[in-house]
Amino acid sequence: MRRVITATVQNRSGVLNRVTGLLHKRQFNIESISVGRTETDSISKMTFVVEVPDHQKLEQLVKQLNKQIDVLKVSDITDKAIVARELALIKVVSNSQLRNEIQGIIEPFRASIIDVSRDSLTVQVTGKTDKVEALIDLLRPYGIKELARTGLTAFLRGHQPQVTDLPSYSILK
Amino acid sequence: MSVEAKSETQTGAKPKTGADLLVQSLIDEGVDTIFGYPGGAVLPIYDALYKARESFDHILARHEQGSVHAAEGYARVSGKPGVVIATSGPGATNLVTGIADAMMDSLPLVVFTGQVARSVIGTDAFQEADVMGITTPITKHNYQVQSLSDIPRIVKEAFHIASTGRKGPVVVDIPKDISATIHDENYDTDFHLPGYQPTTKPNPLQIKKLADALVRSKKPVLLAGAGVLHGEASSQLKAFAVKHSLPVTTTLLGLGSFPGDHELSLGMAGMHGTYAANKALYECDLLINIGARFDDRLTGNLNHFAKYATVAHIDIDPAEIGKNVETKIPIVSDSKAALSELLSVANESPKHYEWMDKLNAYQAECPLWYEDSQEKISPQWLIQKIHEATDGDAIVTTDVGQHQMWAAQYYKFTNADKWVTSGGLGTMGFGFPAAIGAQLAKPDETVVAIVGDGGFQMTLQELSLLQEKGLPVKVIIVNNEALGMVRQWQEKFYDERYSESLLTVQPDFVKLAESYQIRGLRVESPEELEHIIPDIFNYNGPVVVDCRVLKLENVYPMIAPGKGLHEMIGVKP
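Residues numbered from 1 in each chain as written. Chains lettered and ligands numbered in written order. Predicted model: local features only at pLDDT ≥ 70, side-chain atom pairs only at ≥ 80, totals over all residues.

**Let's talk about the overall build of chain B**
Looking only at helices and strands, one finds 24 helices and 20 strands in chain B. Relative to its length of 573 residues, chain B is compact, with a C-alpha radius of gyration of 24 Å against a globular reference of 25 Å. Counting only C-alpha atoms and orienting by the principal axes, one finds that chain B spans roughly 75 × 60 × 40 Å. Counting the 573 residues in chain B, one finds 55% classified as buried. Taking contacts inside chain B between residues at least 6 apart in sequence as the whole, the part at least 24 apart equals 75%. (Helix = DSSP H or I, 4+ residues; strand = E, 2+ residues; numbered from the N terminus. Rg over C-alpha atoms; globule rule 2.2 N^0.38 Å. Buried ≥ 20, exposed ≤ 12 C-beta atoms within 10 Å, placed from the backbone. Contact = placed C-beta atoms within 7 Å.)

Structure below.
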């Protein structure tokens, strides 16, 4: 299962190492991880996308993260109403003849060209992972020279639907 | 609180450096015993300790691994955190085994390591090692002090984290320039750890669920782990078991949490546990686990473990619940709080005579057994003799391996906190230094280090410490001239190809002991042992006994790797 997990952590040196080291030690595979500061000075937020084999392992992951002293809160937000975005920079082989064609491809994705050179151009796209991937697939035939992705960052929407059939991982269930 | 004001009254001198501040913080924590080894990066700390030498008993083991294992032994029997100091680089890396061992067995340690000065951290300076990187996966938490003014707070946090919740080791790495810097301010020691709030009181709903399950159960069994000992809940455990007539089995580390000679005791469960205990875990319909972590050496093949049972698990660490075994009734709590609550809530459950009869029959039919030998000393018989000679009330420490299992099987522990062994990490060389730490914590008790000839040779340099302190530790070397458990597995599973497991060349342990001015003895026959054993334990001083036992004896019964608890071998002669 692919899960989106967020962790609120103390903004201290070594905290990223603690968290990734823990995931490594417990054999979890991180697909992407993004970290940044939050509205509170001393607190950072991490968003991981991880591949876990089953619910038991998922529960372990959340609990082990929670045990870290510098980790304040861990949530599996995969099944909640969330906003999730990532950004990708894609350098595509291109010349003046192709530029318009590529412009036409990226427009429906609301991506933009942010750099142009004689033989390439760089596209910036923001969105959910599947959208980013769809665009990358479309651009691949032109020849991708370089690709960089930030990984997903996400949080809950302001309003959560009341009726849910979310599985609960609380040990008090 | 003003640290300076307090220190003036206690030491008569103003703290001057970061190291003085550290030492003062240790005094404030009530530390009186330090296991340490000096070196370049901790020179300022050792200077401060010298000035405050009236306040501490400093134990100079001869290798940092000895320091940390001694601190573990001290922590296990006293319940107080063991305090360790080592220098940067090799000093710190020599601690790694002990720190990992303490992590696995939830022992409270506060370990201070020197670090090179901040200006050269990251430059591969002399005796620099990335202690934070190395110890992060094997500590409950670790700190590198970045500012002198943080020292008092960090020390307080370290002791708090090490000794509350699920206990464990905390490392504090202190750059040399910080411990050497002069300070002249007062410091705030208040701390707040929003990410560390252990749950210690049980959820009443879950307690009720367990009480109800208990009434319905026809075949209940209690499994007591080290959590009962860490939570000081032995008397509550006994009261609970007696109230509901529940058979009790323990894990290796839980030995002593329930009296081994009690009629409800089934003995230890697991790979070398008793037949009755393992069958009880296999056949039960309700398994109440209190403070055990369902280690693979206990459960055997998980597909067969407690497969007919509703599992209830009381643990202070929520991450242990559901980790290996699916749990229907999870109770996150301190063991004492949960058992007290259960005692007050649960009505007496119906007696389960049939179940008890069955378990009693298992015990009667398949007790622990060994073939007695007339000419040679059976290791099991040796343990029984030690048990007799010490009235079953000594503090026993061991390494890992055959001697450990025989000690666990045949030294019937009846009291809590008498058993010090390396369970989770399974560390050779643990038992002897741990015995020194235990003896320091309990100077009036008999402490026996039961060690193997292999393990003893890993840390025997601590004989120096025994000599220096004159501690009356009794070291019994269960000498089979082999790495016994390795040899046993090679015999059983590798067609007797004894690859590097035979230690036929050995030092003369008697002369070795004598070179440290310690009494050394060798016993080779049962008569000799019978004759000498009272003398060993009446002697008021350290003794090293090289006890030559049957070389090819195996530990039975046994669950072969990958097998379930019901598939024991060597159950009967």
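On we go.
**Quick word on the UniProt feature "domain: Thiamine pyrophosphate enzyme central" (unreviewed entry) in chain B**
Those residues carrying the UniProt feature "domain: Thiamine pyrophosphate enzyme central" (unreviewed entry) are residues 207-342 of chain B in this numbering. The span residues 207-342 of chain B is 34% helical and 20% strand by assignment, and the distance between its end C-alpha atoms comes to 6 Å. (UniProt positions renumbered as here; feature names shortened; annotations may be inferred.)

**Remarks on the pairing of strand β18 (residues 543-548) of chain B**
Residues and elements named next belong to chain B. In terms of burial, β18 is largely enclosed, as 5 of its 6 residues are buried. As paired strands, strand β16 (residues 474-479) and β18 are joined by 6 bridges and run parallel to one another. Bridging from a neighbouring strand, Lys-474 pairs with Val-543 of β18. Relative to β18, strand β17 (residues 519-523) is paired through 5 bridges, and the arrangement is parallel. Residue pairing for β18: Val-523 is matched across the bridge by Cys-547. Chirality of the crossover, the property in question, places the unit of β17, helix α24 (residues 526-538) and β18 among those that are right-handed. (Pairing = 2+ DSSP bridges. Right-handed = clockwise from strand over helix to strand, strands pointing away.)

**Focus on the domain arrangement of chain B**
Residues and elements named next belong to chain B. What the domain assignment reports for chain B is domain 1 (3-180), domain 2 (204-365) and domain 3 (379-555). For domain 2 versus domain 3, the distance between C-alpha centres works out to 31 Å. Contacts between the two partners involve 13 residues from domain 2, matched on the other side by 15 residues from domain 3. (Domains from an automatic or database assignment.)

**Here's the deal with the sheet that holds strand β9 (residues 265-268) of chain B**
Sheet strands line up and pair through hydrogen bonds in the backbone, either parallel or antiparallel. Residues and elements named next belong to chain B. Spatial strand order, β9-β8-β7-β10-β11-β12: 6 strands in an open sheet with parallel pairing. Here the strands that pair on one side only, and so sit at the sheet edges, are β9 and β12 (329-332). Strand-to-strand twist across the sheet, computed as the mean angle between neighbouring axes with direction ignored, equals 15°. Pairing analysis gives 5 bridges linking strand β10 (residues 286-290) to strand β11 (residues 310-315), with the strands arranged parallel. In the sheet register, Leu-287 faces β11, and the bridge partner there is Val-311. Packing against the sheet, helix α13 (residues 275-283) makes contact with β7 (220-224), β8 (248-250), β9 and β10, and its axis sits at approximately 100° to β9. (Axes fitted to C-alpha atoms, helices over the stretch in contact; angles between N-to-C directions.)

**Comments concerning the nonpolar core**
In this structure, Val84(B), Leu281(B) and Leu287(B) are the most contacted members of the largest nonpolar core, which totals 172 residues. Aside from chain neighbours lying at most four places away, what touches Val84(B) is Phe35(B), Gly36(B), Ser67(B), Val68(B), Ala71(B), Leu95(B), Leu109(B), Val111(B) and Phe112(B). (Core = buried A, V, L, I, M, F, W, Y, C linked by C-beta atoms within 7 Å.)

**Here's the deal with the UniProt feature "domain: Thiamine pyrophosphate enzyme N-terminal TPP-binding" (unreviewed entry) in chain B**
When the UniProt feature table is mapped onto this chain numbering, "domain: Thiamine pyrophosphate enzyme N-terminal TPP-binding" (unreviewed entry) sits at residues 17-133 of chain B. A helix fraction of 44% and a strand fraction of 16% characterise residues 17-133 of chain B, whose end C-alpha atoms lie 27 Å from each other.

**Focus on the pairing of strand β4 (residues 109-115) of chain B**
All names here are of chain B. Most of β4 is tucked away: 7 of the 7 residues are buried. Residues Leu-109, Val-111, Thr-113 and Gln-115 of β4 are buried on one face, and the alternating residues Val-110, Phe-112 and Gly-114, pointing to the opposite face, are buried as well. Relative to β4, strand β3 (residues 82-86) runs parallel, the two sharing 5 bridges. Bridge pairing in β4 links Val-83 to Val-110. Pairing between β4 and strand β6 (residues 169-175): 7 bridges, direction parallel. Paired with Gly-114 across the strands is Ile-174, a residue of β6.

**Section: the interface of chain B and chain A**
Facing 17 residues of chain B, the contacting portion of chain A comprises 19 residues. For the side of chain B that touches chain A, a count of residues per class yields 11 nonpolar, 5 polar and 1 charged. (Nonpolar A, V, L, I, M, F, W, Y, C, P; charged D, E, K, R; others polar.)

**Considerations on the sheet that holds strand β2 (residues 57-59) of chain B**
Residues and elements named next belong to chain B. On the basis of which strands lie adjacent, the open sheet formed by 6 strands has the order β2-β1-β3-β4-β6-β5 and parallel pairing. With partners counted over all chains shown, the strands left at the sheet margins are β2 and β5 (141-144), one partner each. Strand-to-strand, the axes of this sheet are offset by a mean angle of 20°, without reference to chain direction. Strands in contact with helix α6 (residues 96-104) are β4 and β6; relative to β6, the strand with the most contacts, it is inclined by about 145°.

**Overview of the environment of Tyr556(B)**
Locating Tyr556(B) in the fold gives a position in the loop between β18 and β19 (558-559). Between the C-alpha atom of Tyr556(B) and that of Val571(B), which follows or precedes it by 15 residues, the distance is 6.9 Å.

**Regarding the environment of Ala19(B)**
All names here are of chain B. Following the sequence through the fold, Ala-19 ends up in helix α2 (residues 18-28). Of the residues examined, Ala-19 has 27 C-beta atoms within 10 Å and is grouped as buried. Along the backbone, Ala-19 and Arg-216 are 197 residues apart, and their C-alpha atoms lie at a distance of 60 Å. Those residues within four positions of Ala-19 in sequence are excluded, and the remaining contacts are Pro-44, Ile-45, Asp-47, Ala-48, Ser-179 and Ala-180.

**Regarding the domain arrangement of chain A**
Residue and element names in this part refer to chain A. Domain annotation of chain A identifies domain 1 (2-76) and domain 2 (83-154). On a C-alpha basis, the centroid separation for the pair domain 1 and domain 2 is 29 Å. In this complex, domain 1 contributes 7 residues to the contact, which on the side of domain 2 involves 6 residues. Contributions of two or more residues to the side of domain 1 that touches domain 2 are made by β1 (2-10), β2 (29-37) and β3 (43-51). The element contributing the most residues to the side of domain 1 that touches domain 2 is β2, with 3 residues. Of the residues in the side of domain 1 that touches domain 2, the class split is 3 nonpolar, 4 polar and no charged.

**A few points about the packing of helix α12 (residues 234-243) of chain B against helix α15 (residues 335-345) of chain B**
Residue and element names in this part refer to chain B. For the pair α12 and α15, interaxial distance at closest approach is 9 Å and the crossing angle is 30°. The orientation of α12 relative to α15 falls into the category roughly parallel. Crossing of α12 against α15: the hand is left-handed. Contacts between α12 and α15 involve Gln-236, Leu-237, Ala-239, Phe-240 and Lys-243 on the former and, on the latter, Lys-336, Leu-339, Ser-340, Leu-342 and Leu-343. Looking at side-chain class alone, the contact of α12 with α15 contains 6 nonpolar, 2 polar and 2 charged residues. (Parallel < 35°, antiparallel > 145°, perpendicular 65-115°, else oblique. Left-handed = near helix turned anticlockwise from the far one by under 90°.)

**A few points about the packing of α2(B) against helix α8 (residues 151-163) of chain B**
Residues and elements named next belong to chain B. Interaxial distance between α2 and α8 falls to 9 Å at its minimum, and their mutual angle equals 35°. Two packed elements cross with a definite hand, and for α2 against α8 that hand is right-handed. Residues Gly-18, Leu-21, Leu-22, Ser-25 and Leu-26 of α2 lie in contact with α8, whose contacting residues are Ile-151, Pro-152 and Val-155. Of the residues in the contact of α2 with α8, the class split is 6 nonpolar, 2 polar and no charged.

**A short note on α13(B)**
All names here are of chain B. When you tally the buried positions in α13, you get 8 out of 9 residues, the bulk of the element. Within α13, the full set of buried residues consists of Tyr-275, Ala-276, Ala-277, Asn-278, Lys-279, Ala-280, Leu-281 and Tyr-282. Buried residues along α13 sit in contact with β7, β8, β9, β10, α16 (353-365) and β20 (568-569).

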